[in-house]
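Structural overview for review
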Amino acid sequence: MRITAAVTAQKGAPFTLEEVEMGALRADEVRVRIAAAGICHTDLIVRDQWYPVPLPAVLGHEGAGVVDEVGAGVTGIAPGDRVALSYHSCGHCPCCATGRPSYCHEFFAHNFGASRPDGTSALRRGGDLLHGHFFGQSSFATHSVANARNVVKLAPDMPLDIVAPFGCGIQTGAGAVLNVLTPAAGTALAVFGTGTVGLAAVLAARIAGCTTIIGIDRNPARLEIARELGATHTVDAGAEDAVAAIMRITGDGADASLETTASPQVFRQAVECTAPTGVCGLIGAPAFGTEVTFDMNSILVSGRTIRGIVEGDSVPSVFLPRLIELWRQGRFPVERFMTFYDFDQIERAARDAEAGVVIKPVLRTGS
């Protein structure tokens, strides 16, 4: 069938809408008519080849829509179901088998390979293979071929444009707090970077009962929304030293911190702002080869922990419905930092995100 997709032709190239061919489903696959897709920082750094994803490709990994067709082996999902799409995993490695699919031993192949694990693609352009299956979905398109493992069934009344970004950025920030750090009520959390991931973490920290929630950023508008969403304190990192400010606010340092910016300098600050035995969660995705330095004694003597966090340690079929229920109760108002664009405005939306004009751009395909 013919679909419209936003193709990334080469490193740094604009997203260009093109008609491409989508092939038949395999037994474990699901075809989804995409209604909305969030633009994530990961889409942009892959476009710029921070990660070696083969191009030309169709990116997009925060999709939501309605199921058109299911493969012969798919159960529990049927045509007409409203679904959200998340990351993909193999389902059989030790991490997948023990309920930790975000650390799948084949995570890179299934999410950044831009093909099925066997190297094939459901997408073709002008008769040639077009890389797809990015994060098991490639949702910058009117239709997506997903896998049954990364499809989450939704209630019929769930707004698809609101739920789309839950599949990556929002579950990553919220899950980092609720699934990994699990802060005790009354504790202090410092969040470095108040974009989508950081703001989802701020909301989750409030849900968890943190009484000191510190948002750190250089963008005054983002710090303002962080305060509106529950940050008890904010620090303009362009105007003052973030570590000194956090120590002044907390006394001994934060019980935990999150680094969402992918900056080595900020990562070091996120570690050094924690109290003895504090935990720093690393979320920001830097270019391959990026290194950071610490005074080893700052880790050893204070008993600090550094923890890498992928996708918020989320099992999407379990965690996304929990976040959605919090949203329904008004306790997780993530739509406050979303801005909506028509699908053909994808390049403008990407530029606005990079310029810091918007926090979470969401594309509406009109499907």
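Now for a description of the structure that goes with this document. (Residues numbered from 1 in each chain as written. Predicted model: local features only at pLDDT ≥ 70, side-chain atom pairs only at ≥ 80, totals over all residues. Heavy atoms only, no water.)

Moving on, we come to the side chain of Glu62. Mapped onto the secondary structure, Glu62 falls in the loop between β4 (57-58) and β5 (63-70). Glu62 gets classed as buried once you look at its relative accessible area, which sits at 0%. In this structure the side chain of Glu62 is engaged in a polar contact, spanning 2.9 Å, whose partner is the side chain of Lys360. Those residues in contact with Glu62 that sit more than four places away from it in its chain are Ala36, Ala37, Gly38, Ile39, Cys40, Gln137, Ser139, Ala164, Pro165, Cys168, Gly169 and Lys360. (Helix = DSSP H or I, 4+ residues; strand = E, 2+ residues; numbered from the N terminus. Buried < 20%, exposed > 50% of the residue type's maximum accessible area, 1.4 Å probe, protein only. Polar contact = N/O pair within 3.5 Å; in protein donor to acceptor, adjacent residues only side chain to side chain. Contact = heavy atoms within 4.5 Å.)

Of all five residues in strand β9 (residues 143-147), five are buried; the element is thus mostly enclosed. On β9, burial covers both faces: His143, Val145 and Asn147 on one face and Ser144 and Ala146 on the other are all buried. One ladder, built from five bridges, connects strand β3 (residues 29-38) with β9; its direction is antiparallel. The residue of β9 that forms the bridge with Arg33 is His143. (Pairing = 2+ DSSP bridges.)

In this section: the sheet that holds strand β11 (residues 188-192). As summarised here, the arrangement of the six strands in space is β13-β12-β11-β14-β15-β16, forming an open sheet in which the pairing is parallel. The sheet terminates laterally at β13 (233-236) and β16 (305-308), the two strands that pair on one side only. On average, each strand axis in the sheet is inclined to that of its neighbour by 20°, with strand direction left out of account. In the sheet, β11 pairs with strand β14 (residues 254-259) via four bridges, with the strands oriented parallel. Opposite Val191, over in β14, you have Leu258 as the bridge partner. (Axes fitted to C-alpha atoms, helices over the stretch in contact; angles between N-to-C directions.)

Before going further, it helps to spend a moment on the state of the cysteines. Linking two cysteines covalently through their sulfur atoms gives a disulfide. Tallied over the full model, the rule gives zero disulfides. With no disulfide of its own, Cys40 lies closest to Cys168 among cysteine sulfurs, the gap being 4.2 Å. Here Cys40 falls in the buried class, since its relative accessible area comes to 10%. Free of any disulfide, Cys280 has its nearest cysteine sulfur in Cys273, 7.2 Å distant. The buried category is assigned to Cys280, whose relative accessible area is 1%. (Disulfide = S-S within 2.5 Å.)

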